[in-house]
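An overview of the molecular structure
As a plain string of letters, each chain reads:
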Amino acid sequence: MIGALTPGFAEPVGGAQSCFRQVLDAMARPGRVYTVGAVAAPAPLSDAAAAVVLTLMDHETPLWLDPEAEAARGWIAFHTGAPITGDPAKSMFALALTHYAMTIWHRLPFGTDEAPQTSATVILHVASLTTGRAFVLEGPGLRSPATLTVDGLPGDFAAVWQRNHALYPCGIDLILCAGNQLAALPRSVAVREG
Amino acid sequence: MKGYNFAYLDEQTKRMIRRALLKAVAIPGHQVPFGSREMPLPYGWGTGGIQVTASILGADDVLKVIDQGADDTTNAVSIRRFFARTAGVRTTTATAEATVIQTRHRIPEKTLREDQIIVYQVPQPEPLWRLEPSRVETTRMHGLADYGLMHVKLYEDIARYGQISIAYDYPVMVNERYLMSPSPIPAFDNPKMDMMPALQLFGAGREKRIYAIPPWTRVRSLDFDDHPFRAINAAHPCGLCGATDAFLDEVVTDDRGGRLFVCSDTDHCAERRAAGHVGADGLREAAE
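Residues numbered from 1 in each chain as written. Chains lettered and ligands numbered in written order. Predicted model: local features only at pLDDT ≥ 70, side-chain atom pairs only at ≥ 80, totals over all residues. Heavy atoms only, no water.

**Comments concerning the interface of chain B and chain A**
Interface size is commonly expressed as the accessible area that is lost once the parts come together. On the side of chain A, 38 residues touch chain B, which itself brings 40 residues to the contact. For the chain B and chain A pair, buried surface summed over both sides reaches about 3200 Å², with 59% attributable to carbon and sulfur atoms. Contact with chain A buries surface across chain B, with Arg19, Leu22 and Lys23 of chain B losing the most and accounting together for 21% of the total. Linking chain B to chain A there are 8 salt bridges. With its nearest N and O atoms 3.1 Å apart, the salt bridge here joins lysine 23 of chain B to aspartate 173 of chain A. Secondary structure elements with two or more residues in the side of chain B that touches chain A: α1 (11-26), β1 (32-33), α2 (47-56), α4 (135-144) and β8 (199-204) of chain B. For the side of chain B that touches chain A, the leading source of residues is α1 of chain B, giving 12 residues. (Contact = heavy atoms within 4.5 Å. Buried area = accessible area lost by both parts, 1.4 Å probe. Salt bridge = Lys/Arg side-chain N within 4 Å of Asp/Glu carboxyl O. Helix = DSSP H or I, 4+ residues; strand = E, 2+ residues; numbered from the N terminus.)

Below is the structure:
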């Protein structure tokens, strides 16, 4: 319903720039938690996921949208123009509300040896980035192994991620969102249960 | 500036570059293609670096631009003014004050911090291009991590000259996976890239490639066990500030064979002189 749409960034240029710097820093320093500025996120998206959508997506980025996030489809289409696809294999971004939606993980593009950058980026909602299970991260961006605490990842996440990391330089990059916080796991980082 | 978007580039272009930057950070050392735009200065003048800087720059950033280490040469001055006009950002020549440093062919002497980003202008992003002219072939080599050709080139240098004869743009291995061109910085600067606390971004405008090194990432200059990598520098102290650990430029001072060796990093040299360090030629200059 168009009449019910909430606005995007209050200041589109500055909003996208500051959110991008948070995402860039998050990708460069895996597991570190960043806070994004206020966005009038449409239900059921979190502020962080909505800000990432506004910052990175446009008509060039096919998006696989979690069926449970259907209510946000109009908002995403209006503000970004991103084509929403039902076929994960054709997507550049995937937006998932819960890890149940991650059953599509294996159908997402992983990139090729010659063009590993063609893999998908997954934006995944989690319950919390401050409490929950601890994971130990190691890899580029980390001077020494770092700990990321996440509530809401699947029980076998470390194993799923290890298979993803083993594909390096191919593989999927993950942006975890909870409320107005986000953290990133690039494919280059190794994850084990802490 | 009226009539232009903040930092010159339109938002659509910035988003495209930002997406490329995120992939570049996730795959350290891998060259990500991007849709390089026409800029209001020719290719070869830092258009890649400018596009990267324009895509990351915010109103609160403090920008420093250097060209061969100097803040006051044409390329540095014009790019600094470009962003002062199009983005209204504060600019500086002091390395410690900057949040974003765009550079042509040098890394500042002062150790960069975690909260800084360094953007390199890159003329030729492909480290193998002198050895293999075909992009199709070099892309395949990167895919297979097949870098034998470069090792043969280094070996032939040693066989012919007794040493590896690369003084700048010395090839590095990033995260033990990708062979990467560090841009034409002197080999002297290569060790600074290894485990650098700051994020390093590279933009090649004409060649339409972006690549990156996240903070705290292993960057190894290629070498052999019996011919280890050596950072080359002129065997002199700086004539003005007396520094013995800074990269030096050789300046011809007259037509009678006069030479002056000075720090290439002008901010570093000025800071040292302000702190009271004086080199041999600095004394003579004062006496004259």
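**Some details on helix α7 (residues 266-274) of chain B**
Residues and elements named next belong to chain B. Looking at α7, one finds that the buried residues are Asp267, His268, Cys269 and Arg272. Turning to α7, the residues buried within the fold contact β2 (62-67) and β12 (259-263). Its side-chain oxygen placed 3.2 Å from the backbone nitrogen of aspartate 267, aspartate 265 serves as the N-cap of α7. Directly after α7, the chain includes glycine 276, whose backbone phi takes a positive value near 100 degrees. (Buried < 20%, exposed > 50% of the residue type's maximum accessible area, 1.4 Å probe, protein only. Polar contact = N/O pair within 3.5 Å; in protein donor to acceptor, adjacent residues only side chain to side chain.)

**Considering the confidence of the model for chain B**
As a general rule, the predicted coordinates of low-pLDDT regions are not to be interpreted in detail. Averaged over all residues, the pLDDT of chain B is 95; the fraction at 70 or higher stands at 98%. Across the predicted assembly, pTM comes out at 0.97 and ipTM at 0.97. (pLDDT = per-residue confidence, 0-100.)

**As for the environment of leucine 283 of chain B**
Residue and element names in this part refer to chain B. Counting through the fold element by element, leucine 283 comes out in helix α8 (residues 280-287). On the basis of relative accessible area, leucine 283 is assigned to the exposed category, the value being 56%. Each C-alpha atom, one on leucine 283 and one on alanine 231, is 29 Å from the other, the two residues being 52 residues apart in sequence.

**Some words on the pattern of salt bridges**
Tallied over the entire structure, the rule returns 31 salt bridges over all chains. Between glutamate 11 of chain B and lysine 14 of chain B there is a salt bridge, with its nearest N and O atoms 3.1 Å apart. Pair noted here: glutamate 11 of chain B and lysine 14 of chain B are both in helix α1, with a separation of 3 residues, about one helical turn. We note that glutamate 11 of chain B, like lysine 14 of chain B, is buried. When the shortest N-O distance is used, the salt bridge between aspartate 194 of chain B and arginine 218 of chain B registers 3.0 Å. Highlighted residues: aspartate 194 of chain B in the loop between α6 (190-193) and β8 and arginine 218 of chain B in the loop between β9 (209-213) and β10 (219-221), separated in sequence by 24 residues. In this structure aspartate 194 of chain B comes out as partly exposed when scored by relative accessible area, which is 24%. By relative accessible area, which is 42% here, arginine 218 of chain B ends up partly exposed. If you follow the salt bridges from partner to partner, you end up with Asp25, Arg29 and Arg32 of chain A together with Glu114 of chain B in one network.

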